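These are the residues of each chain, in order.
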Amino acid sequence: MKKPAVKKRYTLVKRIILLVMLACLYNHSLAQEAIFRDHIKAVRFHMYGDQLSLPVYRLNSADQLELNFDDLDGNVKSYYYTFQLCDYNWNPVDINPFMYIKGFTQQRIATYRYSSIALTRYTHYQATLPDRGTTLTMSGNYILKVFLDGDTTKLAFTRRMLVLEQKAAISARIIQPLTPQLFRTHQKVQFTANITGLNTFSAAQQIKVVILQNNRWDNCLKDIQPTFVRTNQLDYSAENIGLFPGGKEWRWLDLRSFRLQSDRVERANYNKTSTDIFLFPDIDRSGQRYVYFRDLNGMYLIETYETINPNWQGDFARVQFNLKSPSGSAYTDKDIYLAGQLTNYEMNDKTKMVFNEARGMYECNLFLKQGYYNYTYIAVDKNNPGQRRDLEGDYWETENSYTILMYYRSFTDRADQLIGVSKINSRTDQPGISF
């Protein structure tokens, strides 16, 4: 029989191991989208001309993806990019790149421009993908790697990319869950898929589905099994699948002009070489009633009021976010993080809110480019990092967008094919005000 002290140490070690494992799993889910150099800012990767879209490229089509980013060093560097094919779980597939890339496996980003008008000096880089000299030949998950001097070990940042070969027709709708505990707080994605033409010996093993809420990968649902399989028709209607908390319409911040201070800006300091912006304090909204207003579902736009092209004329500012604690003191068992596309939903020291005892509120500073931003606050349990709660409340009526990704892998394939993408919104009426 173990002594009390030994038993206590043993329990503590087990808890530490569990926390490390949970942290590793979470970090792995975000490793596909990371910035490895502090001077890289405002990375935008999306379908051409649509900043709010997922980067989805249809195989053998005229589709184009747009990549933009800024280098605050302000000089010219030799940036290159390449593609890494991954499986359904975003693990790199160990096959020769020439099996899924036809042409050059690396391309230099040759389009750049120095910033103008802005106080912050930077170099803006832009690329349209895929380049004429590079053709992707396989569908699936890809990681876009941007690196320096043609050396892949000098990574600047990575981004997810989806290559689609449409073989499945997906029909979806958003309904209220029947479960009493979730009826007023959650939304359920119910869908069917027609996979005529695919050789599916075992659909449950060969077909995999991922559901994204508002283009987020940090809370996506995976490993969803079909409820019924009727020859070439897959039905996903079980009550326990496709469930997401509804949340609330996102908090907003309008930084399209630094001179014209928007409703969320309390004050600003205009220095000779920089701008500091301080926002009005936010509060926990979980007890407030739901009100509809149009938002960006957690994303952001690089835009300006007073310039021609925000890509190289938009300025940067140091922005301070403030969250007032309900009790005036720090949470004893929770860490608070600023979240949204502006932080890539990362939970680290840069996005963690620090409690200011003198002011009685949490603070966090971000270096942001001019634009229109959505954001939220997430409380993470200190003893169980997997336990997270948005400080917003959950409502069935909330407007959210959902994307269904369907993958197929035959028994001879070495990677998962992306065979279907479907996007649906939880509400289409979009009234002015709704309770």
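To be clear, the structure that these remarks concern was listed above.
Heads up: these notes are all about the structure in this document. (Residues numbered from 1 in each chain as written. Predicted model: local features only at pLDDT ≥ 70, side-chain atom pairs only at ≥ 80, totals over all residues. Heavy atoms only, no water.)

What follows covers the overall build of the protein chain. Looking only at helices and strands, the protein chain features three helices and 31 strands. Projecting the C-alpha coordinates of the protein chain onto the three principal axes gives extents of approximately 65 × 60 × 60 Å. The buried share of the protein chain, reckoned over its 435 residues, is 51%. Long-range pairs, those at least 24 residues apart, make up 74% of the contacts in the protein chain with a sequence separation of at least 6. (Helix = DSSP H or I, 4+ residues; strand = E, 2+ residues; numbered from the N terminus. Buried < 20%, exposed > 50% of the residue type's maximum accessible area, 1.4 Å probe, protein only. Contact = heavy atoms within 4.5 Å.)

So, on to the sheet that holds strand S21 (residues 265-270). Here five strands make up an open sheet; going across it, the order is S21-S22-S24-S27-S26 and the pairing mixed. Every other strand in the sheet has two partners, leaving S21 and strand S26 (354-356) as the edge strands with one partner each. In this sheet, adjacent strand axes meet at a mean angle of 30° when their direction is disregarded. Pairing of S21 with strand S22 (residues 275-279) involves five bridges; the strand directions are antiparallel. The residue of S22 that forms the bridge with Ala 268 is Ile 277. (Pairing = 2+ DSSP bridges. Axes fitted to C-alpha atoms, helices over the stretch in contact; angles between N-to-C directions.)

Across the sheet, which stays open at both edges, the four strands sit in the order S2-S4-S9-S8 with antiparallel pairing between neighbours. Pairing within the sheet leaves two strands with one partner each, and these edge strands are strand S2 (40-47) and strand S8 (111-114). Direction aside, neighbouring strands of the sheet carry axes that sit 15° apart on average. The pairing of strand S4 (residues 65-71) with strand S9 (residues 123-129) spans seven bridges and is antiparallel. Across the sheet, the residue bridging to Asp 70 is His 124, located in S9.

According to the stated counting rule, one finds 22 salt bridges in the structure shown. For Asp 71, the salt bridge goes to Lys 77, with nearest N and O atoms at 3.2 Å. Accessibility expressed as a relative area gives 17% for Lys 77, which makes it buried. One network of salt bridges, in which partners are shared, links Arg 251, Arg 264, Asp 282, Arg 285 and Glu 392. (Salt bridge = Lys/Arg side-chain N within 4 Å of Asp/Glu carboxyl O.)

Judged by nonpolar contacts, the single largest core of 30 residues is most densely connected at Leu 67, Phe 69 and Val 146. Of all the elements in the fold, those that place two or more residues in this core are S2, S4, strand S5 (79-86), S9, strand S11 (140-148) and strand S12 (155-164). Among residues more than four places away in sequence, those in contact with Val 146 are Leu 67, Phe 69, Tyr 79, Tyr 80, Tyr 81, Ile 109, Lys 154, Leu 155, Ala 156 and Phe 157. (Core = buried A, V, L, I, M, F, W, Y, C linked by side-chain atoms within 4.5 Å.)

Moving on: the side chain of Lys 188. For Lys 188, the location among the structural elements is in strand S14 (residues 186-194). Of the side chains with opposite charge, Glu 239 lies nearest to the buried Lys 188, which makes no salt bridge, at 5.1 Å. For Lys 188, the side chain forms a polar contact with the main-chain oxygen of Ala 238, separated by 2.5 Å. If near-sequence neighbours (up to four positions away) are discounted, Lys 188 is found in contact with Arg 173, Ile 174, Ile 175, Pro 177, Ser 237, Ala 238, Glu 239, Ile 241, Gly 242 and Leu 243. (Lys, Arg positive; Asp, Glu negative; His and termini not counted. Polar contact = N/O pair within 3.5 Å; in protein donor to acceptor, adjacent residues only side chain to side chain.)

What follows covers the environment of Ser 171. When you line up the elements, Ser 171 lands in strand S13 (residues 169-175). On the basis of relative accessibility, which here comes to 48%, the residue Ser 171 falls in the partly exposed class. Taking the C-alpha atoms as reference, Ser 171 lies 6.4 Å from Ala 193; in sequence the two are 22 residues apart. Sequence-distant contacts of Ser 171, defined by excluding residues within four places in its chain, comprise Gln 190, Phe 191 and Thr 192.

Where S14 meets strand S18 (residues 233-236), four bridges bridge the pair, whose relative direction is antiparallel. Following the sheet pairing, Thr 192 is matched in S18 by Asp 235. Alignment of strand S17 (residues 228-230) against S18, held across three bridges, turns out to be antiparallel. Each bridged residue has a counterpart across the sheet, and for Phe 228 the counterpart in S18 is Asp 235. Count of turn residues in the S17/S18 antiparallel hairpin: two residues, of which Thr 231 carries a positive phi of about 50°.

Let's shift gears to the environment of Ala 34. Along the polypeptide, Ala 34 turns up in strand S1 (residues 34-35). Among the residues examined, Ala 34 registers a relative accessible area of 13% and is labelled buried. A sequence separation of 126 residues divides Ala 34 from Arg 160, and the C-alpha atoms of the two residues are 9.7 Å apart. Setting aside residues no more than four positions away along its own chain, Ala 34 makes contact with Phe 157, Thr 158, Arg 159 and Glu 346.

Okay, a nonpolar patch on the surface next. Together, Val 76, Tyr 112 and Tyr 114 give the surface a local cluster of nonpolar side chains, amounting to about 290 Å² of exposed area. By the secondary structure assignment, Tyr 114 is in strand S8. (Patch = residues over 30% accessible without salt bridge, like charges linked within 9 Å, V, L, I, M, F, W, Y side chains within 5 Å. Areas by Shrake-Rupley, 256 points an atom, 1.4 Å probe, with all protein chains shown as cover.)

Two measures describe an aromatic ring pair: the distance that separates the ring centres and the angle between the ring planes. Per the stated rule, a full pass over the model turns up 23 aromatic pairs. With a centroid separation of 6.5 Å and 75° between ring planes, the pair formed by Trp 250 and Tyr 345 is classed as edge-to-face. With Trp 250 in the loop between strand S19 (243-245) and strand S20 (251-254) and Tyr 345 in the loop between strand S25 (334-339) and S26, the pair connects residues that are 95 residues apart, well separated along the chain. Under the relative-accessibility criterion, Tyr 345 is labelled buried at 7%. Ring centres of Phe 321 and Tyr 375 lie 5.0 Å apart, and the angle between their planes is 70°; this geometry places the pair in the edge-to-face category. In this pair, Phe 321 sits in strand S24 (residues 316-324) while Tyr 375 sits in strand S28 (residues 372-381), placing the two residues 54 residues apart along the sequence. Here Phe 321 matches Tyr 375 in class, with each residue buried. The rings of Phe 69, Tyr 79, Tyr 112, Tyr 125 and Phe 157 are connected pair by pair, giving a single aromatic cluster. Arg 160 extends its terminal NZ or CZ atom over the ring of Trp 90, reaching a point 5.0 Å from the ring centre. Geometry around Tyr 88 places Lys 222 over its ring, the cationic atom sitting 5.2 Å from the centre. (Phe/Tyr/Trp six-rings, centres within 6.5 Å; stacked < 30°, edge-to-face > 60°. Lys NZ or Arg CZ within 6 Å of the ring centre and 35° of its normal.)

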